[in-house]
Amino acid sequence: RLPAGEMNGAGNLMDFLDEPFPDVGTYEDFHTIDWLREKSRDTDRHRKITSKSKESIWELIKSLLDAWSGWVVMLLIGLLSGTLAGVIDLAVDWMTDLKEGVCLSAFWYSHEQCCWTSNETTFDDRDKCPQWQKWAELMTGHTEGAGVYVLNYFLYILWALLFSFLAVSLVRVFAPYACGSGIPEIKTILSGFIIRGYLGKWTLLIKTVTLVLAVSSGLSLGKEGPLVHVACCCGNLFCSLFSKYSKNEGKRREVLSAAAAAGVSVAFGAPIGGVLFSLEEVSYYFPLKTLWRSFFAALVAAFTLRSINPFGNSRLVLFYVEYHTPWYMAELVPFILLGVFGGLWGTLFIRANIAWCRRRKTTQLGKYPVLEVIAVTGITAVLAYPNPYTRRSTSELISELFNDCGSLESSQLCDYINNPNMSRPVDDIPDRPAGPGVYNALWQLALALIFKIVITIFTFGMKIPSGLFIPSMAVGAIAGRIVGIAVEQMAYHHHDWIIFKNWCRPGADCVTPGLYAMVGAAACLGGVTRMTVSLVVIMFELTGGLEYIVPLMAAAVTSKWVADAFGKEGIYESHIQLNGYPYLDVRDEFTHRTLATDVMRPRRNDPPLAVLTQDTTTVEDVETLIKDTDYNGFPVVVSRESERLIGFVQRRDLTLAIKNARQKQDGVVSSSVVYFTEDAPQLPASNPQPLKLRRILNLSPFTVTDHTPMETVVDIFRKLGLRQCLVTRSGRLLGIITKKDVLRHMAQMMNQDPESIMFN
């Protein structure tokens, strides 16, 4: 861009564009941002601040504040998302227990908190205390009997329906964007798409409230994915306080990448896993500076959550485990088999869920979101209550499956037959034969597994906040625990077999079923989301099981290989495709031998390209062109005969400039000439005042020649985040390729219907 002095080519002509007018360079809803343009605008801003800072102390302070604003935003995001996560955790605990009973000493206590404060509890019956009463006991005074069971059952279903009805109604009335997990949309937004209101204040408020209701209703969903959305809403909220971020969409995306890291950090209590998740799974553009800032935001968020201490065990992690035994090489075989199971379940889940969601979109079903949520909640509650493993919240279930059986565990899964002659230190409990409780638990777990697999397919994607991490982990943890108990019993009964001989002496503790549950959970989560590195880090941060990294890695890699064999997309990419968001996946390979000329428009039979000339177009011509077309921008050429390219001008900037000029500049009428050259043409005095729009012209639009391979074009769009690219031959303009053209072309090459993938 030229200094203002040079721009006033016609000295007497007021160049109103030297004063930038509001909204120039902003984008419409559902449009893609131009990363290159945002980057150069930020560089200009930075240059200005740096040169000003040498003028006075005040300007220097302002420049320092500007430099620190990024860290301040990170601090605020960390504090707010940590606080919200803590509040959500506490509220979910209380409301989940509210379905079964109430604390008489203080109704705002959950079951666990109620019995902590009690003096009458013993260690064995730490779940039973007189202050906590189930609803039927409160109403009838009886604790046993069929009538009591039926009343509790009925009230459980009633509470679940009430919670889910409230959740879906709030989403429907106040914030339609608060439904789902939010990660597919956030990936799309971070790749440069604009969805106004998706990260707004209303969405933040409603998502926080309805997330508590949805999780408490006992549906098969988690709060982890939606917490990423909540954290990104916090990030967007704080961006609007600083003009550096509120006026530059590219800079805002950097903050949102860090906010996503803070979201995973508080969802799992895994700060490093959060940073890696943002890098591997959600972010599109992740410079080094963003890495440090994500690290800081995740740290602050985790620290805030730890201060609130929602789990009451003064630990940050959800499922802390302490296993006392190492793992052995032979156990890699069942670990890898769990990986295969995870990959197959991931594939099955993605295909079935996408088919169901497509059905919801295309049939009458989509018109009754409230009914659908109520129906699924009703079915879930009716089937979940009889089975103790599905009645409790999914996080508690996973926690129990991960646990190692110590001598103090009261769980059914730890009902082993003890040998009275054993005298051993407490923590090294030898392998023992399974008792009736374990076999009973295995039956219930097998039923719980089938129930979870089926119901999650129908739950994910309904019009309420729903995360996928916890249900997928539950499926894997159940399968893993069943396999773990099977291996343990085999090792006990056949310790003379050649595989067990080397490492399993009779009377030793050699197989930890909880570890199998952990590996299974990682495998299933990997199969659904296709995460690898961040998944393993999240798992060991989640459980504190540092020495089990190799089994977790083996399972994660296997599940990714198996799932990739059936289709490259994870669940989030599949939902992006289903909704037709313009998202160019970095992982997609483009291997076809097509050229830019095959993709550019106009095609052979199309009308010619809509262009502006540098000094012969009138205001009326421009307004007609804007009215008759819906393109995002127009190339500017020297003349229609030569078609030599000069630059590119955005549609929105043109509209605003003409509107502004008509209001502020005298003598601008429909027949005024619009010119994009540096010097005003010498016009006769009788002609109306011309309008100079050089200032909004992009003089360095991205161009390729007509023989550029599409492989290169796709790569350029992907890496530079372009909106459009002009196609020229020896300086003459031939056509234009937009991001949507690239996506359409890729779909055609994969034999998909290009219109089905386009967001409308």
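Residues numbered from 1 in each chain as written. Predicted model: local features only at pLDDT ≥ 70, side-chain atom pairs only at ≥ 80, totals over all residues. Heavy atoms only, no water.

Describing empty space enclosed by the protein
Using the following cut-off: A 1.4 Å probe that fits but cannot get out identifies a cavity on a 1 Å grid over protein atoms alone, an open set with protein on both sides within 12 Å along at least five of seven lines counts as a pocket, and a residue lines either if it has an atom within 4 Å of a point. Grid points are joined across faces, edges and corners, and a volume is the space filled by probe spheres set on the points. Helix and strand assignments follow DSSP, with helices taken as H or I runs no shorter than four residues and strands as E runs no shorter than two, numbered in order from the N terminus. Ten residues, namely Ala, Val, Leu, Ile, Met, Phe, Trp, Tyr, Cys and Pro, are considered nonpolar, four, namely Asp, Glu, Lys and Arg, are considered charged, and the remaining ones, Gly among them, are considered polar.
Under the definition given, this model contains three cavities of 30 Å³ or more. In this structure, the largest cavity occupies an estimated 90 Å³ of space. Lining the largest cavity are twelve residues; nearest its centre among them are His-31, Asn-632, Gln-650, Arg-652 and Arg-723. With three residues, the single largest contributor to the lining of the largest cavity is helix H27 (residues 651-664). Classifying every residue of the lining of the largest cavity gives one nonpolar, five polar and six charged. Its boundaries defined by the atoms lining it, the second largest cavity holds a volume of some 60 Å³. Forming the walls of the second largest cavity are Met-74, Tyr-245, Lys-251, Glu-254, Val-255, Lys-289, Thr-290 and Arg-293. Of the residues that constitute the lining of the second largest cavity, the class distribution is three nonpolar, one polar and four charged.

Side note on the nonpolar core
Put simply, the rule reads: Only buried residues count toward a nonpolar core, which is a set of Ala, Val, Leu, Ile, Met, Phe, Trp, Tyr and Cys residues joined through side-chain atoms within 4.5 Å. For every residue, the accessible area obtained with a 1.4 Å probe (protein chains only) is divided by the maximum for its type, and the residue is called buried under 20%, exposed over 50%, and partly exposed between those limits. What fixes the domain bounds is an automatic or database domain assignment. Contacts are assigned to residue pairs with any non-hydrogen atoms lying within 4.5 Å of each other.
By size, the foremost hydrophobic cluster in this structure holds 157 residues, and its most contacted members are Phe-402, Met-473 and Met-539. When residues of this core are assigned to domains, at least three map to each of domain 1 (329-361 + 394-402 + 412-417 + 429-579) and domain 2 (596-750). Apart from the residues lying within four places of it in its own chain, the contact partners of Met-539 are Phe-402, Met-473, Met-518, Ala-521, Ala-522 and Leu-552. Core analysis: the second largest hydrophobic core is formed by 21 residues, Ala-610, Leu-654, Ala-661 and Leu-691 among them.

Some words on the packing of helix H14 (residues 332-362) against helix H24 (residues 571-579)
A pair of packed helices is captured by two measures, namely the crossing angle of their axes and the spacing between those axes. The following threshold applies: For helices, the axis comes from a line fit to the C-alpha atoms of the stretch in contact; other axes are also lines fit to C-alpha atoms, and the angle between any two N-to-C directions lies between 0 and 180 degrees. Throughout this description, any angle smaller than 35 degrees is read as roughly parallel, any larger than 145 degrees as roughly antiparallel, any in the 65 to 115 degree range as roughly perpendicular, and the remainder as oblique. Each helix crossing is assigned a hand: it is left-handed if the near helix lies turned anticlockwise from the far helix by less than a right angle, otherwise right-handed if that turn is clockwise.
Contact pair H14 / H24: the axes reach a minimum separation of 10 Å and the direction vectors enclose 25°. Considering their axes alone, H14 and H24 lie roughly parallel with respect to each other. The handedness of the crossing between H14 and H24 is right-handed. Across the interface between the two elements, Phe-349, Ile-350, Asn-353, Ile-354, Cys-357, Arg-358 and Lys-361 of H14 pack against Ile-571, Ser-574, His-575, Leu-578 and Asn-579 of H24. Here the residues of the contact of H14 with H24 are counted per class, giving six nonpolar, four polar and two charged.

Details of the UniProt feature "domain: CBS" (unreviewed entry) in the protein
Formally: UniProt positions are given in the numbering used here, feature names are shortened, and annotations may be inferred rather than shown by experiment.
This chain's UniProt record puts "domain: CBS" (unreviewed entry) on residues 600-664 and 697-755. Annotated as 37% helix and 27% strand, the span residues 697-755 places its first and last C-alpha atoms 32 Å apart.

Digging into the packing of aromatic side chains
For clarity, the threshold we go by: Between the rings of Phe, Tyr and Trp (Trp by its six-membered ring), a pair exists once the centres lie within 6.5 Å; its type follows the angle of the planes, with under 30 degrees stacked, over 60 edge-to-face, and the other angles tilted. We count a charge as sitting over a ring when the NZ of a lysine or the CZ of an arginine lies within 6 Å of the ring centre and within 35 degrees of the ring normal.
According to the stated counting rule, one finds 21 aromatic pairs in the structure shown. The interplanar angle of 55° and the centroid separation of 6.4 Å between the aromatic rings of Phe-349 and Phe-460 together place this pair among those described as tilted. Of this pair, Phe-349 sits in helix H14 while Phe-460 sits in the loop between helix H18 (436-459) and helix H19 (469-493), and the two are 111 residues apart along the sequence. Across this residue pair, the class does not change: Phe-349 and Phe-460 are buried. Each member of the aromatic cluster is reached from another via a ring pair, and the members are Tyr-149, Tyr-153, Tyr-156 and Tyr-385. Between Arg-293 and the ring centre of Trp-71, over which it is positioned, the NZ or CZ distance is 5.3 Å. Over the ring of Tyr-385 we find Arg-391; its NZ or CZ atom is 4.0 Å from the centre of that ring.

A few points about H18
An α-helix turns once every 3.6 residues. As a result, residues three or four positions apart point the same way. Note the cut-off: Take the residue count of a helix, subtract one, and multiply by 1.5 Å to get its expected span.
Between its terminal C-alpha atoms H18 stretches 34 Å, which fits the 34 Å expected from 24 residues at 1.5 Å a residue. Looking one or two places after H18, you find Gly-461, whose phi comes out positive at around 105°.

Examining the state of the cysteines
What counts here: Sulfur atoms of two cysteines make up a disulfide when they are within 2.5 Å.
By the definition in use, this model includes one disulfide. Between the sulfur atoms of Cys-103 and its disulfide partner Cys-114 the distance amounts to 2.0 Å. Measuring handedness by torsion sign, the sulfur bridge of Cys-103 and Cys-114 sits at about 80° and is right-handed. With Cys-103 in strand E1 (residues 101-103) and Cys-114 in helix H4 (residues 111-116), this residue pair connects regions lying eleven residues apart in the sequence.

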